[in-house]
Amino acid sequence: MDSVKNRRGRPKATDLSYQDTQEALLQAGVVWLTQSGFQGTGLEPMLRSVQVPKGSFYHYFESKELFALAVLQRYRSFFEAKLDCYLLDETLPPLTRLRNFIESAKAGMEKYAFKRGCLVGNLEQEATVLPESIRQAVLDTYQSWQSKVADCLTLAQEQGLIDEHADVNALAHVFWVGWEGAVARARLTRSSSPLLQFEKFYLAGLPR
C-alpha cells in the first residue's frame, strides 16, 4: 500500500511530510506576501526559497488564489493573537494597551528594516486587481480587527478616559485607515517617523 499518496496521486493530509511541506509553504507565503503583495509574489521564486517544485505546489493548493486565502487566514490568526495579547491586558489602562501594540508593531518593522509591512495592507493596495474572494477576505479581516480596537475604546469610555458620547466604531475604523497609511509611509521612507506621528496624533485626537 502506498502510504504517501491517495488515489488521486496527492499526499495525504495526515502524512507528516505533507504537513511539514504545507507549513513551509504557508510560512513562505506570509513572508512573500508581506513584502510583495499578491501580484508581486511569483510562485517560482517563492517555491525555490523553500525548495518545493512548482509541480508539487498544486498537490497542496489548487491555485494561487486559494493559497493566498490560506496565507491570509494564517496571518490574520497570528495578528489577532498579537492584538489580543496587548488589547486584553487587564493590568494596563485601555489606551496604554493600544499604545503598546503600536510600539510592538513599530519594533517589528524596524527588525526587518521596513522591508515587511502589513500583509493585509499590501493586499488592500491591490484591491482593484484582486480576485473577489481575496478582496472580501481582506474586508472581513479589517472588520474583525476594527471590532477589537472598538472593544478597547469602549473600555476606555467606561473608565472615563474618552468622551462617553464618542462613536467608538468610527474611531476604530479611523485607527486602521490611519495605521495602514502610516505603515505604507514607513516602508517608503524606511523610517519609524510616520508610525510615531500616527501614534501621537491619533491618541491625542481621541475625544475627551
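Every chain's residues receive numbers from 1 upward, in the order its sequence appears when written. pLDDT decides what is reported in this predicted model: residues at 70 or higher carry local features, side-chain atom pairs at 80 or more are listed and counted, and totals for whole chains, interfaces and linings draw on all residues regardless. Note that water and hydrogens are dropped before the side-chain values are worked out from all heavy atoms of the structure.

As recorded in an unreviewed UniProt entry, the protein goes by the name TetR family transcriptional regulator C-terminal domain-containing protein, listed as coming from Marinomonas ostreistagni.

Let us look at the nonpolar core. Membership of the largest hydrophobic core comes to 60 residues, with the highest contact counts inside it found for Leu153 and Phe175. Counting from the N terminus, the helices are the DSSP runs of H or I reaching at least four residues and the strands are the DSSP runs of E reaching at least two. For this core, the element with the highest residue contribution is helix H7 (residues 132-158), accounting for 10 residues. The residues contacting phenylalanine 175, other than those within four sequence positions of it, are Leu98, Phe101, Ile102, Val149, Phe198 and Tyr202. To form a nonpolar core, buried Ala, Val, Leu, Ile, Met, Phe, Trp, Tyr and Cys residues must be joined to one another through side-chain atoms within 4.5 Å. Throughout this description, buried means an accessible area under 20% of the type-specific maximum (1.4 Å probe, protein chains only), exposed means over 50%, and partly exposed covers the range between. A contact between two residues is defined here by any heavy atoms of the two lying within 4.5 Å.

Bringing the packing of aromatic side chains into the picture now. We call Phe, Tyr and Trp rings a pair once their centres come within 6.5 Å, taking the six-membered ring for Trp, and we label the pair stacked below 30 degrees between planes, edge-to-face above 60, and tilted otherwise. In this structure the tally under the stated criterion is 20 aromatic pairs. Ring centres of phenylalanine 198 and tyrosine 202 lie 5.6 Å apart, and the angle between their planes is 25 degrees; this geometry places the pair in the stacked category. Of the two residues, phenylalanine 198 and tyrosine 202 are both situated in helix H9 (residues 193-205); the distance of four residues between them amounts to about one turn of the helix. The exposure classification of phenylalanine 198 matches that of tyrosine 202, with both residues buried. Here a set of aromatic residues connected by ring pairs shows up, and it is made of Tyr75, Phe78, Phe79, Phe101, Tyr142, Trp145, Phe175, Trp176, Trp179, Phe198 and Tyr202. In this scheme, the term charge over a ring applies when either NZ of a lysine or CZ of an arginine sits within 6 Å of the ring centre and within 35 degrees of the ring normal. Above the ring of phenylalanine 38, the side-chain terminus of lysine 64 is found at 4.6 Å from the ring centroid.

What follows is about the state of the cysteines. Structurally, a disulfide amounts to a covalent bond that connects the sulfur atoms of two cysteines. Put simply, a disulfide is two cysteine sulfurs that come within 2.5 Å. The tally for this structure, following the rule as stated, stands at zero disulfides. Just so you know, cysteine 85 is unpaired, no disulfide at all, and the nearest cysteine sulfur is the one on cysteine 152, 13 Å from it. Overall, cysteine 152 belongs to the buried group, its relative accessible area being 3%.

For the rest of this paragraph, the subject is the confidence of the model for the protein. With 92% of its residues at a pLDDT of 70 or more, the protein shows a mean pLDDT of 91. How sure the predictor is of each residue is captured by pLDDT, a score from 0 to 100. Contacts of residues 1-9 to residues separated by more than four positions or lying in other chains number 13 contacts, the stretch itself having pLDDT below 50.

Attention now moves to helix H4 (residues 64-87). Every helix has an expected span of 1.5 Å times one less than the residues it contains. In this model, H4 (24 residues) spans 33 Å end to end at C-alpha, consistent with the 34 Å of a helix rising 1.5 Å per residue. By the burial criterion, the buried members of H4 are Phe67, Ala68, Val71, Leu72, Tyr75, Phe79, Glu80, Leu83 and Leu87.

Two side chains of opposite charge can pair, provided their charged atoms sit close to one another. A carboxyl oxygen of Asp or Glu within 4 Å of a side-chain nitrogen of Lys or Arg is what we treat as a salt bridge. All chains considered together, the criterion is met by eight salt bridges. For lysine 106, the salt bridge identified is with glutamate 110, shortest N-O distance 3.5 Å. In this pair, lysine 106 and glutamate 110 both sit in helix H5 (residues 94-111), four residues apart, roughly one turn of the helix. With relative accessibility at 37%, the residue glutamate 110 sits in the partly exposed group. Note that glutamate 132 is salt-bridged to arginine 135, the shortest N-O span being 2.8 Å. Within this pair, glutamate 132 and its partner arginine 135 are both found in helix H7, separated by three residues, close to a single helical turn. One salt-bridge network, held together by shared partners, links Glu103, Lys106 and Glu110.

Below, the discussion takes up the side chain of threonine 141. Along the chain, the position of threonine 141 falls in helix H7. Overall, threonine 141 belongs to the buried group, its relative accessible area being 1%. Once you skip the residues sitting within four places of it in the chain, threonine 141 turns out to touch Leu72, Arg76 and Val120.

In this analysis an axis means a line fitted to C-alpha atoms, helices contributing only their contacting stretch, and an angle means the value between N-to-C directions, from 0 to 180 degrees. Contact geometry for H4 and H5: axes closest at 8 Å, N-to-C directions at 135 degrees. By the angle class used here, H4 and H5 are oblique. Classified by chirality, the crossing of H5 by H4 is right-handed. Between H4 and H5, the contacting residues are Phe79, Lys82, Leu83, Tyr86 and Leu87 on the first element and Arg97, Leu98, Asn100, Phe101, Ser104 and Ala105 on the second. In this classification, the charged set is Asp, Glu, Lys and Arg, the nonpolar set is Ala, Val, Leu, Ile, Met, Phe, Trp, Tyr, Cys and Pro, and all remaining amino acids, among them Gly, are polar. Residues belonging to the contact of H4 with H5 are distributed by class as follows: seven nonpolar, two polar and two charged. Any angle from 65 to 115 degrees is called roughly perpendicular, while one under 35 is roughly parallel, one over 145 is roughly antiparallel, and all others are oblique. In this scheme, a crossing is called left-handed if the near helix is turned counterclockwise away from the far one by less than a right angle; it is called right-handed if the turn is clockwise.

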